[in-house]
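# Observations on the three-dimensional arrangement
What follows is the residue order along each chain.
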Amino acid sequence: MELLEVMKKRFSVRKYKEQQIEPEKLKKVLEAAHVAPTATNAQPVRLIVVQSEEGRAKLDKAARLYGAPTVVIVCADHDRAWVRKYDNKQSTDIDASILTDHMMLEATEQGLGSLWVCWFDPKIVKEEFDLPDNLEPINLLALGYSDADEKSADRHGTERIDMEELVTYR
């Protein structure tokens, strides 16, 4: 599939089949994160893959994950963060977002559904998974086989702002 087709095909899945992701498909999704760019190649992101019932029960305390059989906790590693000298902005949120986007697109290519979850309690995730102080959970990526109706790849023409509103040329 062409990359733009993959992008148009991907949608937020909020209903998953119980079937677990095959290891080879998960490996490709994680490889997509591995090749993602980060500021100054600092790679200040750590991933925690949760597939066990026990681990998913811990995550259920912090977020609604719609029955996804696999969840990736995407964490910023503040010990490795690049910091912009002009305003001390750390790149970690941006870097974590780039990795997450790469994983979602590869998941779509692998026939999997995904959901980028930012509505979660990071304190619970830190406590339940005993994360060190330098790791901050940025988002959760729910992955699995969709049990929802697919959305039209053409929906972006009506569900997005017009290109004229999005883009300004100067």
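Above this note sits the structure.
The structure reproduced in this document is the subject of the present report.

Scoring rules and cut-offs
Residues numbered from 1 in each chain as written. Predicted model: local features only at pLDDT ≥ 70, side-chain atom pairs only at ≥ 80, totals over all residues. Heavy atoms only, no water. Helix = DSSP H or I, 4+ residues; strand = E, 2+ residues; numbered from the N terminus. Rg over C-alpha atoms; globule rule 2.2 N^0.38 Å. Buried < 20%, exposed > 50% of the residue type's maximum accessible area, 1.4 Å probe, protein only. Core = buried A, V, L, I, M, F, W, Y, C linked by side-chain atoms within 4.5 Å. Contact = heavy atoms within 4.5 Å. Pairing = 2+ DSSP bridges. Axes fitted to C-alpha atoms, helices over the stretch in contact; angles between N-to-C directions. Expected span 1.5 Å × (residues − 1). Left-handed = near helix turned anticlockwise from the far one by under 90°. Nonpolar A, V, L, I, M, F, W, Y, C, P; charged D, E, K, R; others polar.

## What about the overall build of the protein?
Looking only at helices and strands, the protein features seven helices and four strands. At 17 Å, the protein has a C-alpha radius of gyration in line with the 15 Å of a compact globule built from 170 residues. Considering only C-alpha atoms, the protein reaches an extent of 50 × 45 × 25 Å along its principal axes. Here the protein holds 170 residues, and the buried ones make up 39% of them.

## Focus: the nonpolar core
One broad rule of soluble globular proteins: the nonpolar side chains tend to lie buried together. Of all hydrophobic cores here, the largest spans 21 residues; its most connected members are L59, L65, I73, V125, F129 and L140. Apart from residues no more than four positions distant in its own chain, V125 is found in contact with L59, A62, I73, F120, L131 and P137. Formed by 19 residues, the second largest nonpolar core is a distinct cluster that contains L26, V29, V45 and I138.

## A look at the sheet that holds strand β4 (residues 135–144)
Pairing within the open sheet is antiparallel, and its four strands lie in the order β1-β2-β4-β3. A single partner strand is all that each edge strand has here, and the edge strands are β1 (45–50) and β3 (113–117). Taking the axes of each pair of neighbouring strands and ignoring which way they run, one obtains an average angle of 25° across the sheet. As defined by bridge partners, β1 adjoins strand β2 (residues 70–77) across six bridges and the pair is classed as antiparallel. When the sheet's bridge partners are listed, L47 is paired in β2 with V74. Of the strands in this sheet, β1, β2, β3 and β4 touch helix α4 (residues 92–109), which is tilted by about 10° from β4.

## Brief notes about the environment of Y86
Along the chain, the position of Y86 falls in the loop between β2 and α4. Accessibility expressed as a relative area gives 71% for Y86, which makes it exposed. The sequence separation of Y86 and A107 amounts to 21 residues, and the corresponding C-alpha distance is 36 Å.

## Notes on α4
Over its 18 residues, α4 extends 26 Å from the first C-alpha to the last, a length consistent with the 26 Å expected when each residue adds 1.5 Å. Summarising the contacts, the buried residues of α4 are in contact with α1 (3–9), α2 (23–34), β1, β2, β3 and β4. Where α4 terminates, the next one or two residues include G111, which has phi positive at roughly 80°.

## Considering the pairing of β4
The buried count for β4 comes to nine of 10 residues, which makes it a mostly enclosed element. Pairing geometry for β2 and β4, over eight bridges, is antiparallel. Looking across to β4, one finds that V71 is bridged to A142.

## A short note on the packing of α2 against α4
The interhelical angle for the contact between α2 and α4, taken along N-to-C directions, is 145°, at an axis separation of 8 Å. The way α2 lies across α4 gives a crossing that is right-handed. Residue-level inspection shows K28, V29, L30, A32 and A33 of α2 in contact with α4, the latter providing L99, H102, M103, E106 and A107. The class makeup of the residues in the contact of α2 with α4 is seven nonpolar, one polar and two charged.

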